[in-house]
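Structure at a glance
Chain by chain, the residues run as shown.
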Amino acid sequence: QVQLVESGGGLVQAGGSLRLSCVASGHTNRSPTMGWLRQAPGKEREFVAVINWSGGTTYYTDSVKGRFTISRDNAKNTVYLQMNNLKPEDTAVYYCATALGFLGTMTKFNYWGQGTQVTVSS
C-alpha cells in the first residue's frame, strides 16, 4: 500500500558526506512515521534513525549520533538522511521505512524501500 523509492547512495572516502532521499507514495496517511535502517555485510539489519510526522521528534542509534540527521518534507512526501563524517563501518545497504506508530528506537516498521548501497573507503 506504500511505495518507497530511494536515491543518493554511492562510494565516498572516510570523512565524506552523502544525503539519501526517499519518496513515499500510496496510502501514506497510514504510515506517518518515517525512518532509516541499514544492513552491513555479514550483519543483521539494524535501526539507524526515525522521525515523527511533524518532524519535531527524532531518535538515532548511538553509533551515528552527531553525524547523521534525519529530516522530512511532507509537501514532497520525502524523507532525508544527511550523513556526515562517514566511517568505513557505515558501509551498508540503507533502507527507507514507514510505520503507523512512533515508538522511538523501538518503532515497528511495516513498509520498506528497495535499499541503496553506501560504501565508505578508508
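These notes cover the structure that comes with them.

1. Quick look at the sheet that holds strand 1 (residues 2-7)
The strand order across the open sheet built from four strands is 1-3-8-7, with neighbouring strands paired in antiparallel fashion. Strands at the two margins of the open sheet, each flanked by one partner only, are strand 1 and strand 7 (68-73). Pairwise comparison of adjacent strand axes, ignoring direction, gives a mean angle of 20° for this sheet. As defined by bridge partners, strand 7 adjoins strand 8 (residues 78-83) across six bridges and the pair is classed as antiparallel. Across the sheet, the residue bridging to Asp-73 is Thr-78, located in strand 8.

2. Regarding the nonpolar core
The nonpolar side chains of a soluble globular protein tend to be buried with one another. Formed by 26 residues in total, the largest nonpolar core has its most connected members in Trp-36, Leu-81, Met-83 and Tyr-94. Elements supplying a minimum of two residues to this core: strand 1, strand 3 (18-26), strand 4 (33-39), strand 5 (46-51), strand 7, strand 8, strand 9 (92-99) and strand 11 (116-121). With four residues, the top contributor of residues to this core is strand 3.

3. A word on the environment of Ser-54
The residue Ser-54 is located in the loop between strand 5 and strand 6 (58-60) in this model. With relative accessibility at 56%, the residue Ser-54 sits in the exposed group. Taking the C-alpha atoms as reference, Ser-54 lies 20 Å from Leu-37; in sequence the two are 17 residues apart. Here Gly-56 takes part through its backbone nitrogen, which lies 3.3 Å from a polar atom of the side chain of Ser-54.

4. Considerations on the environment of Ser-21
Along the chain, Ser-21 turns up in strand 3. Considering only alpha carbons, one finds Ser-21 and Glu-46, 25 residues apart in sequence, at a separation of 18 Å. Sequence-distant contacts of Ser-21, that is, excluding residues within four places in its chain, are made with Val-5, Glu-6, Ser-7, Trp-36, Thr-78, Val-79 and Tyr-80.

5. Remarks on the pairing of strand 4
In terms of burial, strand 4 is largely enclosed, as six of its seven residues are buried. Here strand 4 runs beside strand 9; their pairing, made up of seven bridges, is antiparallel. Opposite Gln-39, over in strand 9, you have Val-93 as the bridge partner. In this sheet, strand 5 lies alongside strand 4 in antiparallel orientation, the contact comprising five bridges.

6. Structural notes on the pattern of salt bridges
All chains considered together, the criterion is met by four salt bridges. Across the pair Arg-38 and Asp-90 runs a salt bridge whose closest N-O atoms are separated by 3.0 Å. Of this pair, Arg-38 sits in strand 4 while Asp-90 sits in the loop between strand 8 and strand 9; the two residues are 52 residues apart in sequence, bridging distant segments of the chain. With relative accessibility at 5%, the residue Arg-38 sits in the buried group.

Rules used throughout
Residues numbered from 1 in each chain as written. Predicted model: local features only at pLDDT ≥ 70, side-chain atom pairs only at ≥ 80, totals over all residues. Heavy atoms only, no water. Pairing = 2+ DSSP bridges. Helix = DSSP H or I, 4+ residues; strand = E, 2+ residues; numbered from the N terminus. Axes fitted to C-alpha atoms, helices over the stretch in contact; angles between N-to-C directions. Core = buried A, V, L, I, M, F, W, Y, C linked by side-chain atoms within 4.5 Å. Buried < 20%, exposed > 50% of the residue type's maximum accessible area, 1.4 Å probe, protein only. Polar contact = N/O pair within 3.5 Å; in protein donor to acceptor, adjacent residues only side chain to side chain. Contact = heavy atoms within 4.5 Å. Salt bridge = Lys/Arg side-chain N within 4 Å of Asp/Glu carboxyl O.

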